[in-house]
Amino acid sequence: MGATFDLWKTTKTVLFYALVVVIVVVSVFPFYYAILTSLKSGTDLFRVTYWPTSFSLDNFRQVFTQGEFPRNLLNSVFVASVTVILALFLAITASFALSRVRFRGRSLLLMTILAVSMFPQIAVLAGLFEVIRFLGIYNTPWALIFAYTIFTLPFTVWVLTTFMRDLPIEIEEAAIVDGATPWVIITKVFMPLMWPALVTTGLLAFIAAWNEFLFALTFTVSNQTRTVPVAIALLSGGSQYEIPWGIIMAASVIVTVPLVALVLIFQRKIVSGLTAGGVKG
Amino acid sequence: MATDALAPLATANAPKAKSELMLQRARAARLFLIPMLVALAIVAGWPLLRSIYFSFTDATLNNLYGAEWIGFGNYLRWQVLESGTVRYRGVLADPDWWNAVWNTVRFAFWSVFWETILGMIVALVLNAEFKGRGIVRAAILIPWAIPTIVSARMWSWMLNDQFGIINDLGMKLGLLAAPVAWTASADTAMTAVLIVDIWKTTPFMALLILAGLQMIPRDIYEAAEIDGVHPVKQFFRITLPLVRPALMVAIIFRVLDALRIFDLIYVLTPNSSATKTMSVLAQENLFQFNNFAEGSTQSTLLFLMIAIFTVLYIWIGKVNFDGGDR
């Protein structure tokens, strides 16, 4: 009896770890394979291998020397950084009002903000195109910074509001007793406490802006103004039968490695940021 | 307005001082909200209204301001021919549009269905205590961190009919008799899209469900254990009901995201009518085929569908986003 019980227990443990291994392999393998491919050159590329067989930096060299890829990288960094700074700046004061002051219509306002972040970007595409042309920023990075506010701002407001709601009321009371105005409370009392939240939200907004495709495809038309996702999507060879897979994989690895590194470093914070607001009910 | 501002302080201060403080805070709150509201009005509210307006006009890409109001003509119009037959035109009579609607709904249903099941499995694994849990959590964040465009291109290389590793693996394991043209063939294009989307977004689902699982007090399970409740029964009677609120929110986030899908399909299966979704069709009409009014009509219809779905879901499912008051 005892022996069979142990056998069952062992089987269960083995099955559990098999599942764990499957999850890890499936998650990591495509990225591993992209790295593998990016390091191959010539005919090696068209031989399927599961382990590294060659090590050539040719593809990486080509990415940086052919076309406008370095420029695209700079565009992406610029657009994503400015978008994040702008969103955080507008969001901090707004989320103070939404989290610490009670006023009529607050819940409705919060729901509206959530709705804006969830609604389909295609629904505003035509109207946004008109506004962007009107402002004269079509085919410039500013068009994208402008457009990205539509998803970064509601998101940052929403997450910062849930973070700020959880700050203890006593701190604020003490500041009020000392005669602090709301502005002073935000900048001198809350800001120092909010750094972790700001880093997390900023990082998530940065990733969203860095990855965005629909607006970038629509509002920029020349190689010099494109961001990285559009550049990678449009990378092609002379004909549809000569897709430069090695170069595409090299470019993909270049734009993904910093993201993966950031995400792994800020793992815990990102997980809490992603789930904040959404799943408290 | 704002009579209960700063209610927690009500007991701490004298009535007069309190009301002044309240007013000051309410004023500050209004001031703090204005920049954000103005920004949202310019980038979201106004463009949305203009897009809807364009759908009732004959606007073209090069002639936005000279557009004339034509009512519901872009949606549906008809013409009685001399022979007496009625011919319908407009988006609602367009088979391409209904094909895109069907593709979008099919995609949204199957992707969220599998993401929920797989996400639940991954979340349950991560909720257990075992050696190497940190590695698993780090690993599942990788698909989430990879840009959609990059994962589309990565997978289209892996799914390549001649040199792809998926075909190679499938044939070595005896699962495939011959190489499959995953992204090019109309029969498998949707499957290919689903595989990539499920791979990429299951981690998000898993993390949201995990957050819900971690809020379930452990002693409930201890009590069930003592009562000898079978683990499977524990899952259906304890875990599932208690994680339901988190699950409902996660599902609606994912459905709304799936209904507007654009990038993955645009890059993985370009020009395939087997996968073309509403967003892709609308974007092409707006900016590539010079059917600006028709594209606006399609994007307005998509917006309407998503709005109706969201309201019904929140209403029927009694979803609580717990946004405002505690």
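Rules of the game
Each chain carries its own residue numbering, running from 1 in the direction its sequence is written. Each chain is given a letter, starting from A, and each ligand a number, starting from 1, according to the order in which they appear as written. Only residues with pLDDT of at least 70 are given local features in this predicted model, and only at 80 or more are side-chain atom pairs given and counted; all residues enter the totals for whole chains, interfaces and linings. The way it works is that DSSP assigns letters per residue, a run of H or I at least four long becomes a helix, a run of E at least two long becomes a strand, and they are numbered from the N terminus. Throughout, the radius of gyration refers to the C-alpha atoms, and the reference size of a globule is 2.2 Å times the residue count to the power 0.38. To sort residues by burial, count the other C-beta atoms lying within 10 Å of each one's C-beta; a count of 20 or more means buried, 12 or fewer means exposed, and anything in between means partly exposed. C-beta atoms are built from the backbone. Here the contact rule is simple: place C-beta atoms from the backbone, and any two residues whose C-beta atoms are within 7 Å are in contact. Here pLDDT means the predictor's own confidence in every residue, given as a number from 0 to 100. Residue ranges for the domains originate in an automatic or database domain assignment. Strands are treated as partners if at least two bridges between them are detected by DSSP. Between the N-to-C directions of two axes lies an angle of 0 to 180 degrees, each axis being a line fitted to C-alpha atoms and, for a helix, fitted only over the stretch in contact. Should the near helix be turned anticlockwise from the far one by less than a right angle, the crossing is termed left-handed; should it be turned clockwise, right-handed. Side-chain classes are defined by residue name, with Ala, Val, Leu, Ile, Met, Phe, Trp, Tyr, Cys and Pro counting as nonpolar, Asp, Glu, Lys and Arg as charged, and the others, Gly among them, as polar. Throughout this description, the term nonpolar core refers to a group of buried Ala, Val, Leu, Ile, Met, Phe, Trp, Tyr and Cys residues whose C-beta atoms join them within 7 Å.

**Student:** In this structure, what is going on with the overall build of chain B? I would like to understand it.
**Tutor:** Helices and strands together make up the secondary structure of chain B, namely eleven helices and two strands. Its helices and strands taken in sequence order, chain B reads α-β-β-α-α-α-α-α-α-α-α-α-α from the N to the C terminus. Taken against the 2.2 N^0.38 rule, which gives 20 Å for 326 residues, the C-alpha radius of gyration of chain B at 26 Å runs more than 25% over that of a compact globule. Counting only C-alpha atoms, chain B reaches 80 × 70 × 35 Å along its principal axes. Buried residues in chain B amount to 43% of all 326 residues. When contacts within chain B are restricted to residue pairs at least 6 apart in sequence, those whose partners lie at least 24 apart make up 61%.

**Student:** Whenever I open this one, the confidence of the model for chain B confuses me. Can you help?
**Tutor:** Low pLDDT means the predicted coordinates in that region are not meant to be read closely. Overall, the prediction assigns chain B a mean pLDDT of 86, with 92% of residues at 70 or greater. Per-element confidence in chain B ranges from a low mean pLDDT of 84 for helix α1 (residues 15-54) of chain B to a high of 94 for helix α2 (residues 95-127) of chain B.

**Student:** Can you help me understand the domain arrangement of chain B in this one?
**Tutor:** Often, the extent of an interface is quoted as the loss of accessible area upon association of its parts. You can read the domains of chain B as domain 1 (7-54) and domain 2 (96-317). Here the C-alpha centroids of domain 1 of chain B and domain 2 of chain B sit 37 Å apart.

**Student:** I'm lost on the pairing of strand β1 (residues 77-80) of chain B in this one. Help?
**Tutor:** On any regular strand, side chains alternate: one points to one face of the sheet, the next to the other face. All names here are of chain B. In this structure, β1 lies alongside strand β2 (residues 86-89), joined through four bridges in antiparallel fashion. Bridge assignment links Val80 to a residue of β2, and that residue is Val86. Between the end of β1 and the start of β2, which pair antiparallel, lie five residues, with Gly84 showing a positive phi angle near 100°.

**Student:** Honestly, unusual backbone geometry in this entry has me stumped. Any pointers?
**Tutor:** Negative phi is the rule for most residues except glycine; trans is the rule for most peptide bonds. Residues and elements named next belong to chain B. In this structure, Asn271 is a non-glycine residue whose phi angle is positive, near 60°. On the basis of neighbour count, Asn271 is assigned to the exposed category, with 9 C-beta atoms found within 10 Å. Although it is not a glycine, Asn290 sits at a positive phi angle of roughly 55°. Position of Asn290 among the secondary structure elements: in the loop between α10 (278-287) and α11 (292-317). Residue class for Asn290 comes out exposed when judged on the 12 C-beta atoms lying within 10 Å of it.

**Student:** Is there a simple way to explain α10(B) in this structure?
**Tutor:** Owing to its 3.6 residues per turn, the α-helix aligns residues three or four sequence positions apart on the same side. Within α10(B), eight of the ten residues are buried, which leaves it mostly tucked inside the rest of the structure. Regarding α10(B), the residues found buried are Met278(B), Ser279(B), Val280(B), Leu281(B), Ala282(B), Gln283(B), Asn285(B) and Leu286(B). Looking at the buried residues of α10(B), the elements they touch are α5 (122-135) and α9 (214-219) of chain A together with α2, α9 (263-268) and α11 of chain B.

**Student:** How should the packing of α2(B) against helix α8 (residues 231-259) of chain B be read in this particular structure?
**Tutor:** When two helices pack together, their arrangement is given by the angle between the helix axes and by the axis-to-axis distance. Residues and elements named next belong to chain B. As a packed pair, α2 and α8 sit with axes 9 Å apart at the nearest point and diverge in direction by 145°. Pair α2 / α8 crosses with right-handed handedness. Together, Thr104, Phe107, Ala108, Ser111, Val112, Glu115 and Thr116 of α2 and Ile251, Arg254, Val255, Ala258 and Leu259 of α8 make up the contact between the two elements. Each residue belonging to the contact of α2 with α8 can be placed in one class, and the counts come to seven nonpolar, three polar and two charged.

**Student:** So what exactly am I meant to see when it comes to the interface of chain A and chain B here?
**Tutor:** Contact with chain A, which involves 79 residues of that partner, is made by 88 residues of chain B. Split by residue class, the side of chain A that touches chain B holds 58 nonpolar, 15 polar and six charged.

**Student:** Looking at this structure, how should I read the environment of Leu217(A)?
**Tutor:** Residues and elements named next belong to chain A. With respect to the element layout, Leu217 can be found in helix α9. Accessibility expressed as a C-beta count within 10 Å gives 22 for Leu217, which makes it buried. Distance from Leu217 to Val230, taken between C-alpha atoms, is 6.0 Å for residues 13 residues apart in sequence.

**Student:** Explanation requested: the nonpolar core in the structure shown.
**Tutor:** One recurring pattern in soluble globular proteins: nonpolar side chains tend to sit buried together. The biggest cluster of nonpolar side chains holds 166 residues, and the ones touching the most others in it are Ala147(A) and Ile209(B). Here the element with the most residues in this core is helix α6 (residues 141-165) of chain A; it accounts for 16 residues. If near-sequence neighbours (up to four positions away) are discounted, Ile209(B) is found in contact with Gly119(B), Met120(B), Ala123(B), Val243(B), Ala246(B), Leu247(B) and Ala250(B).

**Student:** Just checking my understanding: could you explain the domain arrangement of chain A for this structure?
**Tutor:** Residue and element names in this part refer to chain A. Its domain assignment divides chain A into domain 1 (2-56) and domain 2 (70-275). Placing the centre of domain 1 and that of domain 2 at their C-alpha centroids yields a distance of 34 Å. Listed as interface residues are eight residues of domain 1 and, on the opposing side, seven residues of domain 2. The residue makeup of the side of domain 1 that touches domain 2, split by class, is four nonpolar, three polar and one charged.

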